[in-house]
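Each chain, written out:
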Amino acid sequence: MLCKLNLLSYSLIITSTTILGGDYMKFPKVKIKIPKVRVKKKDSKLKIPRTKLKVQKSKLGISKKEKKPPKKFKKIKSIKCLSAISTLKLRTQLVTLFVLLSLIPSLIITSVSFSATNKSTQSSIGQYSQKVIDQLNNSINLTLRSTQVAAGSISDDADFMKYYSSYSSLSAADKLKLNNSINNLVSYADSTQGTISGLFLIQDEKIIYRRTLVSQHLIVEDFVNTPLYEELKEMGEKEIRWVVITDSSNQGIYFIRRLPTKNKFTLMLCPLQLKNFQEMINLASIEAGIPLMLLDQNNNIILSNAKENEESLMTDENTLSFLQEVDNYIAQEVEDYTFVSDHTKSLVSFAACDNGWKVVLVAPLDLLLKDFQKAVGKMFTILIACIVIAAIVSIFL
């Protein structure tokens, strides 16, 4: 039996040598060693143990695969990588947490302080502007009352009433005498009250008396042909009106009273000295960028602290919107008030005059809070710079 196995191994070697030594491809010679196994007669089957084939590298042989590292080395390397990743993630988390914990509270505190300061500033400036408006309103009302007193002292005089009621029947001498008497009345009223700058009497569209103390003249021919004059004809006896004439020829503020005459229409016009009102507005003005306006019953600007911007103000939709809000408050019998207009983003203070006029101050919030907004911007810049520096230091250390 042993001889048969030896012959079998020898034939396998010859056969493998013949096959591997072909002309098409050369492979390395492989020696297969089969151990000798003793088989007992009783065993019906031949049992051959498993053997590992060992391939030796020849000069023209196939290159071996790269050697894999040992299992222990592989475990050590993977542990190091995982520890590095976990360390990096933890550092990133800590930096992010630090930024959030420092940034969010700072933003909350800044926003709360900004809101509180904004409201406090609006309240303080609103109270201040309202006091300015109230003082200006009191000065204007005092001037209007003084004008009424001065006009009343003239209209109640006996010579004045005789002059306009009997003008058509008076002789030239009587007219001259009464004219001189009225001149004295006008001069006295101006010296004591200092509000009116002259006197005009118009009877049936003709001027019967004229007295001017300043270079303010009334061109009757132009005045009697205006819609305003037709409107004044509807006035009752002794009724008074405060009229603003914007025509270039008769521009000015006039105190007008209808005098009682039979079958005749007689008007008494007293022009007011505009310089007094303008001085009041200029003294009460806070800043050139904060409009301060004196408005009539129709929301037309009489005087303001910014003449060059009057036309643009009255054509602006935002101006018309807050003026509507002012009219709504006045309709509710609110004589003076300060509010924030949502349309213009401005602080609006107003007061109603005795004759129906209005004094309005419009303060843009951006202008009022410009210094504070600059400070807040610097605060945010410093805060962000500190957070960035702290984050960079915490990453690289």
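Note that the structure is predicted; figures quoted are calculated from it, not measured. (Residues numbered from 1 in each chain as written. Predicted model: local features only at pLDDT ≥ 70, side-chain atom pairs only at ≥ 80, totals over all residues. Heavy atoms only, no water.)

1. Focus: the packing of helix 3 (residues 158–165) against helix 4 (residues 172–192)
Running from amino to carboxyl end, helix 3 crosses helix 4 at an angle of 135°, the nearest separation of the two axes being 9 Å. It follows that helix 3 is oblique to helix 4 by the angle criterion. The crossing of helix 3 and helix 4 is left-handed. Taken together, the residues of helix 4 that come into contact with helix 3 (itself represented by Asp-159, Phe-160, Lys-162 and Tyr-163) are Lys-175, Leu-178, Asn-179, Ser-181 and Ile-182. Here the residues of the contact of helix 3 with helix 4 sort into four nonpolar, two polar and three charged. (Axes fitted to C-alpha atoms, helices over the stretch in contact; angles between N-to-C directions. Helix = DSSP H or I, 4+ residues; strand = E, 2+ residues; numbered from the N terminus. Parallel < 35°, antiparallel > 145°, perpendicular 65-115°, else oblique. Left-handed = near helix turned anticlockwise from the far one by under 90°. Contact = heavy atoms within 4.5 Å. Nonpolar A, V, L, I, M, F, W, Y, C, P; charged D, E, K, R; others polar.)

2. Observations regarding the sheet that holds strand 5 (residues 266–271)
Strand order in the open sheet formed by five strands is 2-1-5-4-3, with antiparallel pairing between adjacent strands. Of all strands in the sheet, those with a lone pairing partner are strand 2 (206–212) and strand 3 (240–245), marking the two edges. Sheet twist, expressed as the average angle between the axes of neighbouring strands with direction ignored, equals 20°. Of the pairings in the sheet, the one linking strand 3 to strand 4 (residues 252–259) comprises six bridges and is antiparallel in character. Among the inter-strand pairings, Val-243 is bridged to a residue of strand 4, identified as Tyr-254. Contacts from helix 3 reach strand 1 (198–203), strand 2, strand 4 and strand 5, with the element oriented near 35° to strand 1. (Pairing = 2+ DSSP bridges.)

3. So, the pairing of strand 9 (residues 346–352)
Here strand 9 lies mainly inside the structure; seven of its seven residues are buried. What you see with strand 9 is no split at all: Ser-346, Val-348, Phe-350 and Ala-352 on one side and Leu-347, Ser-349 and Ala-351 on the other are buried throughout. Here strand 9 runs beside strand 10 (residues 358–364); their pairing, made up of seven bridges, is antiparallel. Within strand 10, the position partnered with Leu-347 by the bridge is Ala-363. Hairpin connection of strand 9 to strand 10: five residues between the antiparallel strands, including Gly-356 at a positive phi of 100°. (Buried < 20%, exposed > 50% of the residue type's maximum accessible area, 1.4 Å probe, protein only.)

4. Quick notes on a nonpolar patch on the surface
A cluster of nonpolar side chains, namely Leu-100, Ile-104, Ile-108 and Val-112, defines an oily patch on the protein surface of about 350 Å² accessible area. Judged by its relative accessible area of 51%, Val-112 is exposed. (Patch = residues over 30% accessible without salt bridge, like charges linked within 9 Å, V, L, I, M, F, W, Y side chains within 5 Å. Areas by Shrake-Rupley, 256 points an atom, 1.4 Å probe, with all protein chains shown as cover. Salt bridge = Lys/Arg side-chain N within 4 Å of Asp/Glu carboxyl O.)

5. Side note on helix 3
Among the residues making up helix 3, those that are buried are Phe-160, Tyr-163 and Tyr-164. All buried residues of helix 3 lie within an arc of 85° about the axis, which places them on one face of the element. For helix 3, the side-chain oxygen to backbone nitrogen distance between the N-cap and Asp-159 is 3.0 Å, and the N-cap itself is Asp-157. (Arc of directions from axis to C-beta. Polar contact = N/O pair within 3.5 Å; in protein donor to acceptor, adjacent residues only side chain to side chain.)

6. Focus on the pattern of salt bridges
Within this structure, the stated rule accounts for six salt bridges. The salt bridge involving Lys-233 is made with Glu-205; its shortest N-O contact spans 3.3 Å. Residue Lys-233 is located in the loop between helix 6 (227–232) and strand 3, and its partner Glu-205 is located in the loop between strand 1 and strand 2; the two are separated by 28 residues in the primary sequence. Residues Lys-233 and Glu-230 are paired through a salt bridge, measuring 3.7 Å at the closest nitrogen-oxygen approach. Three or more residues are tied together by salt bridges with common partners; here these are Glu-205, Glu-230 and Lys-233.

7. Quick word on the sheet that holds strand 6 (residues 292–295)
Read from one edge to the other, the open sheet built from five strands follows the order 7-6-10-9-8, with strand pairing classed as antiparallel. One side of each edge strand has no neighbouring strand; the edge strands of this open sheet are strand 7 (301–304) and strand 8 (336–341). The average undirected angle you get between the axes of adjacent strands in this sheet is 20°. Looking at chain direction, strand 8 and strand 9 are connected through six bridges and run antiparallel.

8. Details of the packing of aromatic side chains
Under the defined criterion, the tally for this structure stands at 13 aromatic pairs. For the pair Tyr-229 and Phe-265, a centre-to-centre distance of 5.8 Å together with 80° between the ring planes defines the contact as edge-to-face. Residue Tyr-229 is found in helix 6, and its partner Phe-265 is found in the loop between strand 4 and strand 5; the two are separated by 36 residues along the sequence. You can call Phe-265 buried: its relative accessible area is 10%. Grouped by ring-pair contacts, the aromatic residues Trp-242, Phe-255, Phe-277 and Trp-357 constitute a single cluster. Geometry around Tyr-167 places Lys-175 over its ring, the cationic atom sitting 4.1 Å from the centre. (Phe/Tyr/Trp six-rings, centres within 6.5 Å; stacked < 30°, edge-to-face > 60°. Lys NZ or Arg CZ within 6 Å of the ring centre and 35° of its normal.)

9. Details of unusual backbone geometry
Despite not being glycine, Asp-204 shows a phi value in the positive range, around 50°. Topologically, Asp-204 is positioned in the loop between strand 1 and strand 2. Of note in the backbone geometry, Glu-333 takes a positive phi value of approximately 60° without being a glycine. Relative to the elements of secondary structure, Glu-333 occurs in the loop between helix 9 (317–331) and strand 8. Relative accessible area serves as the criterion here: at 71%, Glu-333 is assigned to the exposed category.

10. A short note on the confidence of the model for the protein chain
When pLDDT is averaged across the protein chain, the result is 75; 72% of the residues are at 70 or more. Element-level mean pLDDT values for the protein chain span from 44 in helix 1 (residues 2–20) up to 92 in helix 3. Below a pLDDT of 50 lies the segment residues 1–27, which in the model reaches eight contacts outside its immediate sequence neighbourhood of four places, other chains included. (pLDDT = per-residue confidence, 0-100.)

11. Observations regarding helix 4
Taking 1.5 Å as the rise per residue, helix 4 with 21 residues should run 30 Å; its terminal C-alpha atoms sit 30 Å apart, in good agreement. Among the residues of helix 4, those classed as buried are Leu-178, Ser-181, Ile-182, Asn-183, Leu-185, Val-186 and Ala-189. After helix 4 finishes, the residue Gly-194 shows a positive phi value of roughly 70°. (Expected span 1.5 Å × (residues − 1).)

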